[in-house]
Amino acid sequence: MSNSMDRLLQENLEKRRLQHLYRSRVRVDSGCSDQLSVNGKTVHNFCSNDYLGLAENAVIADAFKQGIDHYGTGSGASHLISGHTKAHCDLEQQLAEFTGRPRALLFSSGYMANMGVIGALAGRSDAVLEDYLNHASLLDGGLLSRAKFQRYKHRDCYDLDKKLSASKGGRKLVVTDGVFSMDGDLAPLPQLADVCGKNDAWLMVDDAHGFGVLGNSGAGIVEQLGLDIQQVPILMGTLGKAFGTYGAFVAGSEALIETLVQFSRSYIYTTAPPPAVAVATSASLELVKKDQWRRDKLNQLIARFRAGAEQIGLRLMDSKTPIQPVLMQSDAQVLDANQKLLDSGFMVGAIRPPTVPEGTGRLRITLSASHSEQQVDALLDALDRC
Ligand SMILES: *Cc1c(COP(=O)(O)O)cnc(C)c1O
């Protein structure tokens, strides 16, 4: 029995390998900073989402340790039983204030937040409309909700408007990445908000890659574009990227948050994150607000990378964010370039379908405030050579 299972699985794996779509994990022997230790070698890290360089910050680490001294390592239960501590409450309040929303709710991860929110807000008789290039967790949330699920063309308000006008009865939930995770471009949120307003639809924005990075104080894409709770009633952000810790949150009205507490299955049926993570994230939030220099430096590095990449004729995309994809001709070329870069000491993301549409395989290069100008120049050199 198990032999036939393994034979079947092996065949599928072989097929994936032949398509250049096989994924393998790289074992990293260090923490996440501007460099990583891989196979006994130190390589420059141009693939993490640690945009502000906070994943190894000593102040945050100290807060984490103090959190453990006070609360221990585990929460021991879900939020609705006994896992909801003062550390979680404090962080929720701080995140609400930071995003300018009445309330915020912590989730264990961004994936779980997206599954939980969409499932709690839309069901069989409703419609969920998503940008074609949304993150997998948003697409999965839409599919699992059992609502009528549709995708509109990437950043296309006209297509969305058409689909919304044709949608009859029930709730209409429109869902988009704020910063698109594999392309680095921004959703046209003011226009999307107008289209939603006109069609009586609710707008949910996943700001995983904007939170901490965009806006004057780092409050993300809604701060950068000046969008209030009427325009973006459902705001989601993650804490494992620019914030350097772990987890996610949803911010919005009192009614929204209470609805999620009652009905969001990925909130209810899981153990609350360790309170120490919340303590650490509160410390992280202080640094995100205070250390404007991290965003300034990041933006300088982004400009430097783009200018240099243009000079050597790389196929960049329309992105002003730390996500700088370089399109390749084929998935085989993605793997080849990725290996060559690794051999010369640079680790970048090798992104292929189904993470991105067929024919758009790419190197996903991410910049961080922890990088130096020299590192960016050296990466450009290595890219030029391969
Ligand atoms: C990373 C990411 C998520 C998932 O967040 P995790 O906390 O890593 O589970 C959700 N949405 C987007 C757009 C992301 O990039």
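Quick caveat, the model's predicted, so the values are computed rather than measured.

The rules behind the values
- Residues numbered from 1 in each chain as written.
- Predicted model: local features only at pLDDT ≥ 70, side-chain atom pairs only at ≥ 80, totals over all residues.
- Heavy atoms only, no water.
- Near = heavy atom within 4 Å.
- Polar contact = N/O pair within 3.5 Å; in protein donor to acceptor, adjacent residues only side chain to side chain.
- Areas by Shrake-Rupley, 256 points an atom, 1.4 Å probe, with all protein chains shown as cover.
- Helix = DSSP H or I, 4+ residues; strand = E, 2+ residues; numbered from the N terminus.
- Nonpolar A, V, L, I, M, F, W, Y, C, P; charged D, E, K, R; others polar.
- Pairing = 2+ DSSP bridges.
- Axes fitted to C-alpha atoms, helices over the stretch in contact; angles between N-to-C directions.

Participant: I'm lost on the site of the ligand in this one. Help?
Facilitator: In the region of the ligand, 13 residues are neighbours, and Gly110, Tyr111, Asp206, His209 and Lys241 sit closest. A distance of 2.5 Å separates an oxygen atom of the ligand from a polar atom in the side chain of His209. Measuring from an oxygen atom of the ligand, one finds a side-chain N or O atom of Lys241 at 2.7 Å. Contact with the protein chains covers 83% of the free accessible surface of the ligand, which is 380 Å². With 3 residues, helix 4 (residues 110-121) is the largest single contributor of residues to the shell around the ligand. When grouped by side-chain class, the residues that make up the shell around the ligand number 2 nonpolar, 8 polar and 3 charged.

Participant: Explain the environment of Gln292 here, please?
Facilitator: Here Gln292 lies in helix 12 (residues 292-311). Considered as a pair, Gln292 and Asn216 are 76 residues apart in the sequence and their alpha carbons are 7.9 Å apart.

Participant: Honestly, the sheet that holds strand 13 (residues 362-366) in this entry has me stumped. Any pointers?
Facilitator: Hydrogen bonds between backbone atoms are what pair the strands of a sheet, whose relative direction is either parallel or antiparallel. In space, the 3 strands of this open sheet follow the order 10-13-12, with antiparallel pairing throughout. Unpaired on one side and paired on the other, strand 10 (323-327) and strand 12 (349-351) mark the two borders of the sheet. When the angles between neighbouring strand axes are averaged without regard to direction, this sheet yields 30 degrees.

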